[in-house]
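What follows is the residue order along each chain.
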Amino acid sequence: MSNILVAYFSLTGNTQKVAAAIFASLPEPKTFKPIIEVQSLDEHDLVFIGFPVHSHSVPIQAEKFLRSIPRGKKIALFSTHGSHTGSRLSREAIEHAVVVSSQAKLISTFSCRGKVSPQALEVLSRSPEHEAWTEMAASARTHPNEHDLEDAGNFGSWVLTLSRHQGT
């Protein structure tokens, strides 16, 4: 059995909720921690790494963590965002994270919507160039919802299956 880590960076709680749903779907031995509390990845065979999308990219705290992943470590990436799932805006951060962590062995990725803080919406709504995104982000206020969390759990199970087929 693999020793699994679910590590996340979360400001509003969205990514932490998704991380918890993934964690719940996984067998023991497993560990659940914010990325700032992770001291070493040596004891973990599989690492799930989650972060919110900030300005179409990976927050610096998560990017530093991704850059520190040892060569060949099996990882799965997940993100939360205010954009519509599958849109260019929702994919850019995951694509950046894949590049930043290219030394690792990527198993799969997952993303889902998450509510955007009212403060961020307020600031962005003042800029005409962000008007369309602000409207889209406002519609994410009920996410992650029960369906998103169920999908996150299914992602965790799926990644574990893929990881086992690729050897430990």
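Before reading on, note that the structure itself is shown above.
Residues numbered from 1 in each chain as written. Predicted model: local features only at pLDDT ≥ 70, side-chain atom pairs only at ≥ 80, totals over all residues. Heavy atoms only, no water.

(A) Up close: the nonpolar core. Counting 22 residues, the largest nonpolar core has Ile-49 and Leu-66 as the members making the most contacts within it. Elements that contribute at least two residues to this core include exactly strand S1 (4-8), strand S3 (46-52), helix H2 (60-67), strand S4 (74-81) and helix H3 (88-100). In terms of residue count, H3 provides more of this core than any other element does, 4 residues in total. Those residues in contact with Leu-66, other than ones at most four positions away along the chain, are Ile-49, Val-58, Leu-77, Ala-97, Val-100, Ser-101 and Gln-103. Among the nonpolar cores identified, the runner-up in size contains 19 residues, and Ile-4, Leu-26, Ala-76 and Phe-110 belong to it. (Core = buried A, V, L, I, M, F, W, Y, C linked by side-chain atoms within 4.5 Å. Buried < 20%, exposed > 50% of the residue type's maximum accessible area, 1.4 Å probe, protein only. Helix = DSSP H or I, 4+ residues; strand = E, 2+ residues; numbered from the N terminus. Contact = heavy atoms within 4.5 Å.)

(B) A look at the sheet that holds strand S2 (residues 30-34). Spatially, S2-S1-S3-S4-S5 is the arrangement adopted by the 5 strands of the open sheet, whose pairing is parallel. Of all strands in the sheet, those bounded by a partner on one side alone are S2 and strand S5 (105-113). For this sheet, the mean inter-axis angle between neighbouring strands, taken without regard to orientation, is 15°. Taken strand by strand, H3 contacts S3, S4 and S5, and its axis lies near 155° from that of S4. (Pairing = 2+ DSSP bridges. Axes fitted to C-alpha atoms, helices over the stretch in contact; angles between N-to-C directions.)

(C) Representation of the packing of helix H4 (residues 118-125) against helix H5 (residues 131-138). In the contact formed by H4 and H5, the axes pass within 9 Å of each other and the chain directions differ by 155°. Considering their axes alone, H4 and H5 lie roughly antiparallel with respect to each other. When the axes of H4 and H5 are compared, the crossing they make is left-handed. Listed contacts from H5 to Leu-121, Leu-124 and Ser-125 of H4 are Trp-133, Thr-134, Ala-137 and Ala-138. Split by residue class, the contact of H4 with H5 holds 5 nonpolar, 2 polar and no charged. (Parallel < 35°, antiparallel > 145°, perpendicular 65-115°, else oblique. Left-handed = near helix turned anticlockwise from the far one by under 90°. Nonpolar A, V, L, I, M, F, W, Y, C, P; charged D, E, K, R; others polar.)

(D) Quick look at the environment of Thr-15. On the secondary structure map, Thr-15 appears in helix H1 (residues 14-24). By relative accessible area, Thr-15 is classed as buried at 1%. Sequence-distant contacts of Thr-15, that is, excluding residues within four places in its chain, are made with Tyr-8, Phe-9, Ser-10, Gly-50, Phe-51, Pro-52, Phe-78 and Thr-80.

(E) A look at the side chain of Gln-103. In this fold, Gln-103 is placed in the loop between H3 and S5. A distance of 2.8 Å separates a polar side-chain atom of Gln-103 from the backbone oxygen of Ile-69. If we ignore the near neighbours within four places in the chain, the residues touching Gln-103 are Leu-66, Arg-67, Ser-68, Ile-69, Pro-70, Arg-71 and Gly-72. (Polar contact = N/O pair within 3.5 Å; in protein donor to acceptor, adjacent residues only side chain to side chain.)

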